[in-house]
Amino acid sequence: MPFREINSKMVEAQVAPGQTLYSQRGAMLAYRGEVTFTPNIQGGQGGVMSMIGRRVANEATPLMTVQGSGTVMFGHGGHHIQVIELAGDTLYVEADRLLAFDGSLTQGTMFMGSQGGVMGMVRGQVTGQGLFTTTLKGHGSVAVMAHGGVIELPITPGRPVHVDPQAYVAHHGDVRNKLSTALGWRDMVGRGSGEAFQLELSGSGAVYVQASEEKL
């Protein structure tokens, strides 16, 4: 059930009987046909444990279950929308950046510290982003939100990509993340995040970077 980009801030999806979409609450702009929107209390295919993980992560972004037969247009807050197609791999994305996604995708939660160690935890505390990241796995489409447009940067073996943590939107593939400091600890006092931190992504895959560091 791929999304069709109407413009940089709106996407359209076909809803068919027997298929399900999940969207962020308030993301529906308009629809045609017989379509229903109901609050989802289980957090998608990840079930109750997925929702518990989102609550612990302070990422309990409300989801709506979209079903029926028709066409739905999605957008939110005038943010730029990027459509990502998954072919069996896993997408890592902040929960508040999810606009809508195929119900066939399995949703979960990953603790960033499990990949980034102690510095992964520092990332969440200093940059204001969650210690947990939502995962979506399988075959299907995902529409994510960002500020000022998105660029996809390939990650190849031996050529890691360094990203400002607040410009990070999502990544997929066989990728490891590590947060490092570009300045000494004394220099960082009072500076917040910005260029004081760099998120290093290595392996094989791609990372999506937004043009603005503004949080959603």
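Above this text sits the structure in question.
Residues numbered from 1 in each chain as written. Predicted model: local features only at pLDDT ≥ 70, side-chain atom pairs only at ≥ 80, totals over all residues. Heavy atoms only, no water.

1. Quick notes on the overall build of the protein chain
The helix and strand inventory of the protein chain stands at three helices and 13 strands. With an accessible surface of roughly 9,800 Å², the protein chain has 53% of that area assigned to carbon and sulfur atoms. (Helix = DSSP H or I, 4+ residues; strand = E, 2+ residues; numbered from the N terminus. Areas by Shrake-Rupley, 256 points an atom, 1.4 Å probe, with all protein chains shown as cover.)

2. Here we look at the pairing of strand E13 (residues 197-210)
Where strand E10 (residues 150-155) lies against E13, six bridges are found, and the strand directions are antiparallel. The residue bridging Pro154 from the neighbouring strand is Ala206, located in E13. Bridge count between strand E11 (residues 161-163) and E13: three bridges; the pairing is antiparallel. Pairing of His162 across the sheet is with Glu200, part of E13. (Pairing = 2+ DSSP bridges.)

3. Quick word on the environment of Ser212
Among the structural elements, Ser212 can be located in the segment after E13. Residue classification places Ser212 among the partly exposed positions, given a relative accessible area of 23%. Considered as a pair, Ser212 and Ala167 are 45 residues apart in the sequence and their alpha carbons are 6.3 Å apart. (Buried < 20%, exposed > 50% of the residue type's maximum accessible area, 1.4 Å probe, protein only.)

4. A few points about the packing of aromatic side chains
Evaluation of the coordinates by the stated rule reveals three aromatic pairs. Judged by centre distance (6.4 Å) and plane angle (75 degrees), the ring pair of Phe3 and Phe74 falls under edge-to-face. Within this pair, whereas Phe3 is found in strand E1 (residues 3-7), its partner Phe74 is found in strand E5 (residues 63-74), the two being separated by 71 residues in sequence. Here Phe74 falls in the buried class, since its relative accessible area comes to 0%. Centroid distance Tyr22 to Phe101: 5.5 Å. Interplanar angle 40 degrees. Geometry classified as tilted. In this pair, Tyr22 sits in strand E3 (residues 21-24) while Phe101 sits in strand E7 (residues 98-102), placing the two residues 79 residues apart along the sequence. Taking the relative accessible area as the measure of exposure, Phe101 reaches 1% and is therefore buried. (Phe/Tyr/Trp six-rings, centres within 6.5 Å; stacked < 30°, edge-to-face > 60°.)

5. As for the side chain of Glu12
Tracing the backbone through its elements, the reader meets Glu12 in strand E2 (residues 10-15). A distance of 3.5 Å separates the side chain of Glu12 from the side chain of Arg32, its partner in a polar contact. Once residues lying within four places of it in the same chain are set aside, the contact partners of Glu12 are Pro2, Phe3, Arg4, Ile6, Arg32, Thr71, Val72 and Met73. (Polar contact = N/O pair within 3.5 Å; in protein donor to acceptor, adjacent residues only side chain to side chain. Contact = heavy atoms within 4.5 Å.)

6. Re the pattern of salt bridges
Counted under the stated rule, the structure contains two salt bridges. Of the charged contacts in the structure, one is a salt bridge between Arg32 and Glu12, with a shortest N-O distance of 3.5 Å. Taken together, the residues span a long stretch of sequence, with Arg32 in strand E4 (residues 28-40) and Glu12 in strand E2 at a distance of 20 residues. Judged by its relative accessible area of 48%, Arg32 is partly exposed. (Salt bridge = Lys/Arg side-chain N within 4 Å of Asp/Glu carboxyl O.)

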